[in-house]
2 protein chains.
Amino acid sequence: MPNQPNAFDTHDHSHCTTDGLARAEGILALRKQRLTPVRRQTLQILLAEHRALGAYEVLDKLAEAGFGKQPPVAYRALEFLVEHGLAHKVRRLNAFAACMHPETDHAPVFLICRGCNALAETAAEPVRAALDAAAHAAGFTVERTSIEALGLCPKCKVAA
Amino acid sequence: MPNQPNAFDTHDHSHCTTDGLARAEGILALRKQRLTPVRRQTLQILLAEHRALGAYEVLDKLAEAGFGKQPPVAYRALEFLVEHGLAHKVRRLNAFAACMHPETDHAPVFLICRGCNALAETAAEPVRAALDAAAHAAGFTVERTSIEALGLCPKCKVAA
DNA sequence: GTATTTTAGGTTATAGCATAACATAAGCCG
DNA sequence: CGGCTTATGTTATGCTATAACCTAAAATAC
């Protein structure tokens, strides 16, 4: 995993958005997929915050930006982004978040702060390995995973 | 974890229900909580199958058994069971399943078969440890986890 | 053993999350 | 440019979940 700041660190957030969009363009170009206006705007909305947004929250922002205001508008864009690893669904929250390292890691591990709703992705490999081992012992073949932890980020821990 | 059969093994399933109910009674007695008729029936419904059931599916079965047929009837019973570790919510499926080892393991790891919908709980400790380590590196304190894998169980793998 | 408090169950209503199905428009390619 | 494919817009609906209020049953206090 590249050494990017995680959501809990103070960082120059303007890079998150610009980098994210640039990387998305690169990835989609390779796959001959189009980053259409709605998709681009949707990704930008997710990249703007290090937290998960509900589909209807995204939809409202899309509507403000002049796109359609019916649920499928948001769900389709989100589905596309998830499919291409540019965003993830956070199942615990029924919400979506931009992927912070779309090139490298398609088995995300989420840390969800219940204090400030910040969301960080963290090193998946050791966790994935442990899960694969446990699954293998049961004769089970893992295809997709959701690994999420709810708790307190460093800042909220201090505040508490 | 006691050496019980997991969902993917062939086993005498009648024990699952009777044992599950007996253990629930023991656990709740210690906590001075009541296993009322709806709660008991709900647990029994979940224990009857090694898969996750949607709340409305549980509700239908409760209604058949003579209990109320409004959503809160099912949700309240399910919430109670989850709270006391007798059932779990499977977030990937928005559904509920009986806990297979309610005394010992309150951080379940689920293996969900996409072929037959069977659901197994597996050894949580190593996975939990890896997750805790990753979280700790980010300064994050884990309070609750959801760890779920989607894939193929041994039988469905052969069938495929 | 009856009154009081607490806990649980029932019901109505509504909120929040998600998708099916169909119509229109925009890019792609012969 | 005509037909194909992909994407967007819209209507309608289904599934998941909870708030709020009322009644009943159990625990506890007297």
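Before any of the text, the structure's been laid out above.
For clarity, every value in this text was computed on a predicted model and none was experimentally measured. Counting starts from 1 at the beginning of each chain's written sequence and moves along it residue by residue. To read the labels, note that chains go from A and ligands from 1, taken in the order they are written. The model is predicted, so local features are restricted to residues of pLDDT at least 70 and side-chain atom pairs to those at 80 or more, both for listing and for counting; the totals for chains, interfaces and linings are taken over all residues.

*Asks:* What exactly am I supposed to notice about the packing of helix H2 (residues 37-47) of chain A against helix H4 (residues 71-83) of chain A here?
*Replies:* Two quantities define a packed helix pair, namely the angle between the helix axes and the distance between the axes. Residue and element names in this part refer to chain A. For helices, the fitted line uses only the C-alpha atoms of the stretch in contact; every axis is such a line through C-alpha atoms, and the angle between N-to-C directions lies from 0 to 180 degrees. Strands are runs of DSSP state E lasting at least 2 residues, helices are runs of H or I lasting at least 4, and numbering of each runs from the N terminus. Look at H2 against H4: their axes get within 9 Å of each other, and the N-to-C directions meet at 80°. Classified by the angle their axes make, H2 and H4 are roughly perpendicular. For the pair H2 and H4, contact is made by Val 38, Arg 39, Thr 42 and Leu 43 and by Val 73, Ala 77, Leu 78, Phe 80 and Leu 81, respectively. Polarity classes work like this: nonpolar for Ala, Val, Leu, Ile, Met, Phe, Trp, Tyr, Cys and Pro, charged for Asp, Glu, Lys and Arg, and polar for all others, with Gly in that last group. Of the residues contributing to the contact of H2 with H4, the split by class is 7 nonpolar, 1 polar and 1 charged. Oblique is the label for any angle not under 35 degrees, not over 145, and not in the 65 to 115 range, which are roughly parallel, roughly antiparallel and roughly perpendicular in turn. Note on contacts: each residue gets a C-beta atom placed from the backbone, and two residues are in contact if those atoms are within 7 Å.

*Asks:* Mind showing me how you'd approach the relation of the copies chain B and chain A here?
*Replies:* Applying a rotation about an axis and a shift along it to one chain copy brings it onto the other copy. The copies were overlaid with a least-squares fit restricted to C-alpha atoms from residues scoring a pLDDT of at least 70 in each copy. Rotating chain B by 180° and moving it 0.0 Å along the rotation axis overlays it on chain A with an RMSD of 0.1 Å. One copy is carried onto the other by what is essentially a two-fold rotation axis. When C-alpha distances to the rotation axis are compared across chain B, the minimum falls at Ile 147 of chain B, with a value of 2.2 Å. Here 100% of the interface residues in chain B have copies in chain A that are interface residues too; the copies meet face to matching face.

*Asks:* I'm lost on the pairing of strand S3 (residues 109-113) of chain A in this one. Help?
*Replies:* Put simply, side chains in a regular strand alternate between the two faces of the sheet. Residue and element names in this part refer to chain A. Backbone-placed C-beta atoms define the burial measure: a residue is buried with 20 or more other C-beta atoms within 10 Å of its own, exposed with 12 or fewer, and partly exposed in between. Taking burial as the measure, the 5 residues of S3 include 5 buried ones, the bulk of the element. Here S3 shows a buried face lined by Val 109, Leu 111 and Cys 113 and a second buried face lined by Phe 110 and Ile 112. Pairing between strands is defined by DSSP: at least two bridges between the two strands are required. Pairing analysis gives 4 bridges linking S3 to strand S4 (residues 119-122), with the strands arranged antiparallel. Bridged to Leu 111 within S4 is Ala 120.

*Asks:* Even after reading the chapter, I still don't get the protein's contact with DNA strand D, so can you show me in this structure?
*Replies:* The rule is simple: place the C-beta atom from the backbone, and if it lies within 6 Å of a molecule or strand, the residue is near it. Around DNA strand D sit 19 residues, and of these Thr 36, Gly 68, Gln 70 and Pro 72 of chain A together with Pro 71 of chain B come closest. Counting only elements with at least two residues in the surface near DNA strand D, the list comes to H2 and H4 of chain A together with helix H3 (55-64) and helix H4 (71-83) of chain B. With 4 residues, H4 of chain A is the single largest residue contributor to the surface near DNA strand D. When the residues that make up the surface near DNA strand D are grouped by side-chain class, the tally is 10 nonpolar, 6 polar and 3 charged.

*Asks:* Could you clarify how one ought to interpret the sheet that holds strand S3 (residues 109-113) of chain B in this entry?
*Replies:* Within a sheet, each strand pairs with its neighbour through backbone hydrogen bonds, oriented either parallel or antiparallel. The 6 strands lie next to each other as S4(A)-S3(A)-S5(A)-S5(B)-S3(B)-S4(B), forming an open sheet whose pairing is mixed. Each edge of the open sheet is held by one strand with a lone partner, namely S4 of chain A together with strand S4 (119-122) of chain B. Direction aside, neighbouring strands of the sheet carry axes that sit 20° apart on average. Where S3 of chain A meets strand S5 (residues 141-152) of chain A, 5 bridges bridge the pair, whose relative direction is parallel. Bridging across to S5 of chain A, Val 109 of chain A finds its partner in Ile 147 of chain A. Against the sheet, helix H5 (residues 125-137) of chain A touches S3 and S5 of chain A together with S3, S4 and strand S5 (141-152) of chain B, its axis set at about 130° to S5 of chain A. Packed onto the sheet, helix H5 (residues 125-137) of chain B meets S3, S4 and S5 of chain A together with S3 and S5 of chain B and runs at close to 130° relative to S5 of chain B.

This is a description of form; function is not addressed.
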